[in-house]
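Next come the chains, spelled out residue by residue.
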Amino acid sequence: MIEYHVRRRSGVPAYQQIVQQTEQALRLGHLQVGDKLPTAREVVAATAVNPNTVLRAYQELQRAGLVESTQGLGTFVVRVLGQAENSAAAGLREELTAWVGRARNAGLEREDVLALTASVVDREFPLADEPAPGAVSRERP
Amino acid sequence: MITTPAVQAVGLGVRRGRSEVLHDCRFRIPRGAVCGLVGPNGAGKSVLLATAAGLVAPDSGRLELLGRPVGDAANRPRIAYVDQNRSLYRQFSVQRLLRLGRDLNPGWRPDAAEEVLDAARIPVRARAGSLSGGQRTLVSLALARGKAADVLLLDEPLSDLDPLARRRTMGLLLADVAERGATLLLSSHVLADLEESIDHLLLLDHGRVRLAGPLPELLAAHRLPDPLSVPAARSAGVGAPAGSVPARAHRVDLLPGDAGPDHTEAPTLEELVLAYLHHPGAPDWISPAMRPLTPETCEAVGA
């Protein structure tokens, strides 16, 4: 079962942290359709965040069509996100691993690699209205 | 439908000798709320909690718990109170105190009490008098939690606990809110401890209620100045006690809903509280959600 970690003063509201952590687990396949989310009581006991915070996060996930709450039974995953870890992606991961290895051999630092990939991802998957974040300026020729 | 409030004060006043330690307090704490009671030293927080527990009689106005006047015997099984001194029978072992809790309280939940002690590995055979301050706090909170009360009145419940015990203990108290709809009224000097845990706030200053309301509403109703237009505003540190006011609190706009173009950012809980304490003349802000329920009092607070 997913365990939430809520960071204080991270700038991200606690309910959003719970939403994001759930989405990430759905994306990475750590949560599957039919899996049960922890109860509000369990999340509250583990994180000491207000019960309303957990309910708000779960409502948000429900509104996004990712989970459904059944009275008395709990909150269950009804849809997963993305393709990041399914079988089709396995080959891509392998290619990416090889590419990152070549980048390191070529002398690129961790930050260089992240900036480079971010700039390509931003170009290939443009966001609706936000301009791409500043990775472009660090792109190497 | 509006249920009976957990706690309601109408014109509450309490005197100690010649001075008035609580003055014309009006507020309502709804059932199931987690209400932080904050304010500087001497603001009247402990007196308010002791009054709610029925240990101090109001000198004027009234204070009700679960719809009955404080001190009403029918309330006793439904409230739990942890005072600042963690009053325990010093000669009694922890085990004996837990037995006492079980024998004196019909709805006793042994698991809830033991859960508080287990994680901290409190020696159950030790006498209460031989425990450290933090351990005595945990035993007091274990007894309060075991009672399965509807309203828990907790005076600085986290003050002498280590960070891990704070998080864990707060988590257990909040679990009772999620599970049983318990109401928590807890005082604290350390606003950071409360920030993600409370949903209502009651700010006392010199015995007066300055600020009361659901926390999201209070934060949304106030604005900080733009950090770019006031460079000093964001530089102060965090975690300062309520008595010392960091520079940025000077700049908080205290006029709700009147934020100009250079006031854009919502304050944190700490910034909000410090701003009110630093501006004693600022108008009080009592949200309709925390005003007392009777018609005549709604009028009196300007509803």
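Look up: the structure comes first, before these words.
Residues numbered from 1 in each chain as written. Chains lettered and ligands numbered in written order. Predicted model: local features only at pLDDT ≥ 70, side-chain atom pairs only at ≥ 80, totals over all residues. Heavy atoms only, no water.

(A) Structural detail: the nonpolar core. If you look at the biggest cluster of nonpolar residues, it comprises 75 residues, and the most contacted ones within it are L37 and Y58 of chain A together with V139 and L201 of chain B. Aside from chain neighbours lying at most four places away, what touches V139 of chain B is L88, V94, L97, L117, I122 and L131 of chain B. By size, the runner-up hydrophobic cluster in this structure holds 34 residues, among which are V14, L48, I79 and L153 of chain B. (Core = buried A, V, L, I, M, F, W, Y, C linked by side-chain atoms within 4.5 Å. Buried < 20%, exposed > 50% of the residue type's maximum accessible area, 1.4 Å probe, protein only. Contact = heavy atoms within 4.5 Å.)

(B) A look at the packing of helix α2 (residues 40-47) of chain A against helix α5 (residues 163-180) of chain B. At a minimum axis distance of 6 Å, the contact between α2 of chain A and α5 of chain B shows a crossing angle of 160°. Classed by the angle they form, the pair α2 of chain A and α5 of chain B counts as roughly antiparallel. Here α2 of chain A runs over α5 of chain B; the crossing is right-handed. Residue-level inspection shows R41, V44, A45 and T47 of chain A of α2 of chain A in contact with α5 of chain B, the latter providing R167, G171, L174, A175, A178 and E179 of chain B. (Axes fitted to C-alpha atoms, helices over the stretch in contact; angles between N-to-C directions. Helix = DSSP H or I, 4+ residues; strand = E, 2+ residues; numbered from the N terminus. Parallel < 35°, antiparallel > 145°, perpendicular 65-115°, else oblique. Left-handed = near helix turned anticlockwise from the far one by under 90°.)

(C) Spatial organisation of the sheet that holds strand β7 (residues 151-154) of chain B. All names here are of chain B. In spatial order, the strands read β6-β7-β8-β3-β9-β10-β13; together these seven strands make up an open sheet with mixed pairing. With one partner strand each, in any of the chains shown, β6 (79-82) and β13 (285-286) form the two edges of the open sheet. Alignment of β7 against strand β8 (residues 183-187), held across four bridges, turns out to be parallel. Bridged to L152 within β8 is L184. Against the sheet, helix α1 (residues 45-52) makes contact with β3 (34-38), β6, β7, β8 and β9 (200-205), and its axis sits at roughly 135° relative to β3, the strand it touches most. Along the sheet, α5 contacts β3, β7 and β8; its crossing angle with β8, the most-contacted strand, is approximately 150°. (Pairing = 2+ DSSP bridges.)

(D) Up close: the pattern of salt bridges. A full pass over the atoms with the stated rule returns 15 salt bridges over all chains. In this structure, R41 of chain A engages E115 of chain B in a salt bridge whose closest nitrogen and oxygen atoms are separated by 4.0 Å. One end of the pair, R41 of chain A, is in helix α2; the other, E115 of chain B, is in helix α3 (residues 110-118), on a second chain. Judged by its relative accessible area of 23%, R41 of chain A is partly exposed. Of the charged contacts in the structure, one is a salt bridge between E64 of chain B and R62 of chain B, with a shortest N-O distance of 3.0 Å. Among the residues examined, E64 of chain B registers a relative accessible area of 17% and is labelled buried. (Salt bridge = Lys/Arg side-chain N within 4 Å of Asp/Glu carboxyl O.)

(E) Structural context of the packing of aromatic side chains. Residues and elements named next belong to chain B. Inspection of every chain in the model, using the stated rule, returns one aromatic pair over all chains. Between Y89 and F92, the aromatic rings sit 5.1 Å apart at their centres with planes inclined by 35°, giving tilted as the arrangement. Lying over the aromatic face of F92, R96 brings its terminal NZ or CZ to 3.9 Å of the ring centre. (Phe/Tyr/Trp six-rings, centres within 6.5 Å; stacked < 30°, edge-to-face > 60°. Lys NZ or Arg CZ within 6 Å of the ring centre and 35° of its normal.)

(F) Seen up close, the pairing of β9 of chain B. Residues and elements named next belong to chain B. Counted residue by residue, β9 has six buried out of six residues, so it is predominantly covered. With burial as the criterion, each face of β9 is covered, one bearing H200, L202 and L204 and the other bearing L201, L203 and D205. Relative to β9, β3 is paired through four bridges, and the arrangement is parallel. Paired with V38 across the strands is L203, a residue of β9. In this sheet, strand β10 (residues 208-214) lies alongside β9 in antiparallel orientation, the contact comprising six bridges. Of the residues in β10, the one forming a bridge with L201 is G213.

Everything listed here is a matter of coordinates, which is why it stays silent on function.
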